[in-house]
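If you want the building blocks of each chain, they are given just below.
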Amino acid sequence: MTKKNTIWNRLLDTILPRHCSICDSRLGFDEKAICGSCATRLPRTHYELTADYNPMTVLFQGIVPIEKAVAFVHFNPHNASARLIYAIKYYRHPDYAMAMGEIMAKELLSSGFFNNIDAIVPVPLSRRRLHQRGYNQSEYLARGVSKITSIPVITKALRRKHFLQSQTMLGHTERQKNVENMFVLRDASALSDRHILLIDDICTTGATAMACIQEMQVAKNIRFSILTLGLTDH
Ligand SMILES: [Zn+2]
């Protein structure tokens, strides 16, 4: 960052103070999306220490082949991560998503989780949902991860169809059924011979990631790992 830029940013921070998305306290100049004390208190899973076998990989076992899966934090509607995830999804804050991507990547880097990953594919939104929300939060998470790891992000290879019923209205089995055939692989050659890291905001049953992987499996010699910001407590 240039000196001029730094002064400008400090000035902007004074005029338009930024606030922590969890506790609402004012953010320091170096902080993004969450303050230092909220960052320390996030309920981390530490699954990166056992990335090839943990409560998240178990969700996919026997269904789709994955090499590693990690969720950064435990998610339930009553813990601090919920406010963060709602802010990313519903309060028009792609900058928070990008910042959380950077925070996750910085913390996971030393575990070797990103070693041998060739490209990142964020779970796509349907065109209609993208229009409503203005941005794809998973894509911004992916861009934050890419900023730290320099792994390229591929957004055009996989597309999501629009469907009418809201996922949250449905039970487990219905949800799973509903996401089948929801994605369309548009460019298999962009993914073939690569180890793909699929990125999403929340993993609940794993159904969305499974549907993405089932569709992408058509690409030849493709391998998969998964990273999400949160894993819903079961
Ligand atoms: Zn805070």
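Keep in mind it's a predicted model, so treat the numbers as computed, not measured. (Residues numbered from 1 in each chain as written. Predicted model: local features only at pLDDT ≥ 70, side-chain atom pairs only at ≥ 80, totals over all residues. Heavy atoms only, no water.)

S.K.: Which parts of the structure should I look at to understand the pairing of strand β6 (residues 223-232)?
M.R.: Where a strand is regular, its side chains alternate between the two sheet faces. Of all 10 residues in β6, nine are buried, a share of seventy percent or more. As defined by bridge partners, strand β1 (residues 68-75) adjoins β6 across seven bridges and the pair is classed as parallel. Bridge assignment links Val 73 to a residue of β6, and that residue is Gly 230. Taken together, the eight bridges between strand β5 (residues 195-203) and β6 define a ladder with parallel strand orientation. Note on β6: the bridge partner recorded for Leu 198 is Ile 226. (Buried < 20%, exposed > 50% of the residue type's maximum accessible area, 1.4 Å probe, protein only. Helix = DSSP H or I, 4+ residues; strand = E, 2+ residues; numbered from the N terminus. Pairing = 2+ DSSP bridges.)

S.K.: Please explain the pairing of strand β2 (residues 119-122) as it appears in this structure.
M.R.: Going residue by residue along β2, you find Ala 119 and Val 121 tucked away on one face and Ile 120 and Pro 122 tucked away on the opposite face as well. As judged from the four bridges shared by β2 and β5, these two strands associate in the parallel manner. Within β5, the position partnered with Val 121 by the bridge is Leu 198.

S.K.: Please clarify how the nonpolar core should be interpreted in this entry.
M.R.: Generally speaking, soluble globular proteins have nonpolar side chains that are buried together. The biggest cluster of nonpolar side chains holds 70 residues, and the ones touching the most others in it are Met 56, Met 100, Phe 114, Leu 191, Met 216 and Leu 227. Per-element tally for this core: the top contributor is helix α5 (residues 94-109), with seven residues. Every residue in contact with Leu 191, bar those within four places of it in the chain, is listed here: Val 121, Ile 154, Ala 157, Leu 185, Ile 196, Met 216, Ala 219 and Ile 222. (Core = buried A, V, L, I, M, F, W, Y, C linked by side-chain atoms within 4.5 Å. Contact = heavy atoms within 4.5 Å.)

S.K.: How do you make sense of the environment of Trp 8 when you look at a structure like this?
M.R.: With respect to the element layout, Trp 8 can be found in helix α1 (residues 3-15). On the accessibility criterion, Trp 8 (49% relative accessible area) is partly exposed. The sequence separation of Trp 8 and Ile 88 amounts to 80 residues, and the corresponding C-alpha distance is 25 Å.

All quantities given are derived from atomic positions and should not be read as evidence of function.
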